[in-house]
Amino acid sequence: MKSVRLLAGWLCIVLAFAVMILISFGVLDPLAPAGTTTSIVPVLVGMLPSVTFGIALFAIGVWLISTRKR
């Protein structure tokens, strides 16, 4: 059971990094187009769900690796 938790934890961490890389390359586009606004705030708000998903996935992976089942 411990090896399954470790494997799932490492898989979550790798997927979180993959999500962040896809965001940085522009594959996961923000909801608000950058050319139509004069401020960066709508673009950052548009990216918030995908960035939050990546951070949450990373946190779940760390939690799976660091906690031990008793």
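Residues numbered from 1 in each chain as written. Predicted model: local features only at pLDDT ≥ 70, side-chain atom pairs only at ≥ 80, totals over all residues. Heavy atoms only, no water.

Caption draft 1: Spatial organisation of the environment of Met 20. Summarising the element assignment, Met 20 is placed in helix α1 (residues 2-25). Judged by its relative accessible area of 28%, Met 20 falls in the partly exposed class. Each C-alpha atom, one on Met 20 and one on Ile 55, is 8.7 Å from the other, the two residues being 35 residues apart in sequence. Leaving out residues up to four positions away in the same chain, Met 20 has contacts with Val 51, Gly 54 and Ile 55. (Helix = DSSP H or I, 4+ residues; strand = E, 2+ residues; numbered from the N terminus. Buried < 20%, exposed > 50% of the residue type's maximum accessible area, 1.4 Å probe, protein only. Contact = heavy atoms within 4.5 Å.)

Caption draft 2: Geometry of the packing of aromatic side chains. As enumerated under the stated definition, the model contains one aromatic pair in all. Pairing Phe 17 with Phe 58 gives two aromatic rings, centres 5.8 Å apart and planes at 75°, and the pair type is edge-to-face. In this pair, Phe 17 sits in helix α1 while Phe 58 sits in helix α2 (residues 41-66), placing the two residues 41 residues apart along the sequence. Given the relative accessible area of 35%, Phe 58 is considered partly exposed. (Phe/Tyr/Trp six-rings, centres within 6.5 Å; stacked < 30°, edge-to-face > 60°.)

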